[in-house]
Amino acid sequence: MNNKYKILVIEDEANIRGLLTAMLESGGFHVIQCDTCDSAILLYESYHPDLALLDLGLPDADGMRFLRYVRRNALTPVVVVSARTDESDKIAALDLGANDYVTKPFSSGELLARIRAALRSSRHCNEEGRLPGGKFILEDFLIEYDSRRTYYLGQEIKLTQTEYNIVAFLSEHCGKLMTYATLIKEIWGDRTDENSIKKLQVNMANIRRKLGISPSEPKIIYNELGVGYRMDHSI
Ligand code: CA
């Protein structure tokens, strides 16, 4: 019981809250639940959850307020669960620091996979980060940060500077969906427009081709159409 991950579930609809709690408990998590933004902040401060599942439409405030509160001084993973399907809402939540976004309705398997990925990404950031001489390993993909070399299935992959910068940045946020705007700003310092998105997509296509990964069977790097890219374990 004590070594279970604590998940704070913030959801005002009792039936959805009950469903989420049941899914999470069956997945081996300890659940703390609440139904308003204010109580979420209080519970967050007293229980220090390992992750928060956040509904955006709360009765007392927009769930974004909770996200802003947490991101002022903590990297606690926050996964947004919302009925909003608008991509601009997803992008706004991700750019404010949400780790991921699950749209209702969702399957138990999908939700648990997203939560495990968000927990993994926060462990990776906390424990490894960008250490000198550090290595990053994801299944058959290896990065040596010091020498800026990458390997896939034991073979060195020759990436351009830009391609390397993209995979290194994604690896530092492994498990987290990074929006086009975040990637473009990090890699080129540019604003996001049609040209910069095109440039990013061309680089991504080249990276996948060099790794021998077909877009129809994605591995290592996943694309969420219209939103961004995520480096992650195979689901
Ligand atoms: Ca709601």
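Small disclaimer: the values here were computed from a predicted structure and weren't measured.

Caption draft 1: A look at the overall build of the protein. Secondary structure summary: the protein contains eight helices and twelve strands in total. Its C-alpha atoms give the protein a radius of gyration of 18 Å, within 12% of the compact-globule value 18 Å for 235 residues. With respect to the principal axes defined by its C-alpha atoms, the protein has extents near 50 × 40 × 35 Å. Here the protein holds 235 residues, and the buried ones make up 46% of them. Once local pairs closer than 6 in sequence are excluded, the contacts in the protein between residues at least 24 apart make up 59%. As displayed, the protein has an accessible area near 11,600 Å², and 50% of this comes from carbon and sulfur atoms. Counting 29 positive and 33 negative side-chain charges, the protein places the centres of these two groups 5 Å from one another.

Caption draft 2: Looking closely at the pairing of strand E12 (residues 228-231). Neither face of E12 is left uncovered, since the one carrying Gly228 and Arg230 and the one carrying Tyr229 and Met231 both have all their residues buried. By the bridge criterion, two bridges tie strand E10 (residues 178-179) to E12 in an arrangement that is antiparallel. What sits directly across from Met178, in E12, is Tyr229. Summarising the sheet, strand E11 (residues 221-224) and E12 pair through four bridges and their orientation is antiparallel. When the bridges of E12 are listed, Tyr222 appears paired with Arg230. Between E11 and E12, which pair antiparallel and follow one another directly, the connecting turn spans three residues, one of which, Gly226, has a positive phi of 80°.

Caption draft 3: Just the pattern of salt bridges, in detail. The tally for this structure, following the rule as stated, stands at twelve salt bridges. Ionic pairing is found between Arg230 and Asp100, a salt bridge with its closest N-O pair at 2.9 Å. Here Asp100 lies in strand E5 (residues 100-103) and Arg230 lies in strand E12, a separation of 130 residues in the sequence. Look at Arg230 and you get buried, because its relative accessible area is 3%. The exposure class assigned to Asp100 is buried, which follows from its relative accessible area of 1%. The salt bridge involving Lys158 is made with Glu156; its shortest N-O contact spans 3.9 Å. Each of Asp100, Glu110, Arg114, Glu224 and Arg230 takes part in one network of salt bridges that share partners.

Caption draft 4: Representation of the domain arrangement of the protein within the structure. The domains assigned to the protein are domain 1 (6-125) and domain 2 (128-231). For domain 1 and domain 2, the distance between their C-alpha centres works out to 26 Å. Opposite the 15 residues of domain 1 that make contact, domain 2 presents 18 residues. Buried area between domain 1 and domain 2, summed over both chains or domains, comes out near 1,300 Å², and the portion from carbon and sulfur atoms is 49%. Viewed at the interface, domain 2 and domain 1 are joined by two salt bridges. Secondary-structure elements contributing two or more residues to the side of domain 1 that touches domain 2 are helix H4 (87-95) and helix H5 (108-127). Here the side of domain 1 that touches domain 2 gets six residues from one element, more than from any other, and that element is H5. Its residues placed into classes, the side of domain 1 that touches domain 2 shows five nonpolar, four polar and six charged.

Caption draft 5: Geometry of the coordination of the calcium ion. Taken together, the protein ligands of the calcium ion are Asp12 (OD), Asp55 (OD) and Gly57 (O), with distances of 2.3 to 2.4 Å. Mapped onto the polypeptide sequence, the residues donating to the calcium ion form the spacing pattern D-x42-D-x1-G. Placement of Asp12 in the loop between strand E1 (6-10) and helix H1 (14-26) and of Gly57 in the loop between strand E3 (51-54) and helix H3 (64-71) is noted, with a sequence separation of 45 residues between them. Residue Asp12 is classed as partly exposed on the basis of its relative accessible area, which comes to 29%.

Caption draft 6: Local environment of the sheet that holds E11. Pairing is antiparallel in the open sheet, where three strands are placed in the order E10-E12-E11. The open sheet has two edge strands, E10 and E11, and neither has a second partner.

Caption draft 7: Expanded view of the environment of Asn223. With respect to the element layout, Asn223 can be found in strand E11. Residue Asn223 is classed as partly exposed on the basis of its relative accessible area, which comes to 30%. Expressed as a C-alpha distance, the spacing of Asn223 and Gln201, which sit 22 residues apart in the sequence, is 9.8 Å. In this view, Asn223 contacts Tyr180, Arg208, Gly228 and Tyr229; residues no more than four positions away in its chain are not counted. A distance of 3.5 Å separates a polar atom in the side chain of Asn223 from a polar atom in the side chain of Tyr180. At 3.0 Å, the side chain of Asn223 and the backbone oxygen of Gly228 are in polar contact.

The rules behind these values
- Residues numbered from 1 in each chain as written.
- Predicted model: local features only at pLDDT ≥ 70, side-chain atom pairs only at ≥ 80, totals over all residues.
- Heavy atoms only, no water.
- Helix = DSSP H or I, 4+ residues; strand = E, 2+ residues; numbered from the N terminus.
- Rg over C-alpha atoms; globule rule 2.2 N^0.38 Å.
- Buried < 20%, exposed > 50% of the residue type's maximum accessible area, 1.4 Å probe, protein only.
- Contact = heavy atoms within 4.5 Å.
- Areas by Shrake-Rupley, 256 points an atom, 1.4 Å probe, with all protein chains shown as cover.
- Lys, Arg positive; Asp, Glu negative; His and termini not counted.
- Charge placed at Lys NZ, Arg CZ, Asp CG, Glu CD.
- Pairing = 2+ DSSP bridges.
- Salt bridge = Lys/Arg side-chain N within 4 Å of Asp/Glu carboxyl O.
- Domains from an automatic or database assignment.
- Buried area = accessible area lost by both parts, 1.4 Å probe.
- Nonpolar A, V, L, I, M, F, W, Y, C, P; charged D, E, K, R; others polar.
- Donors = N, O, S within 2.8 Å, 3.2 Å for Na, K, Ca; no water.
- Polar contact = N/O pair within 3.5 Å; in protein donor to acceptor, adjacent residues only side chain to side chain.

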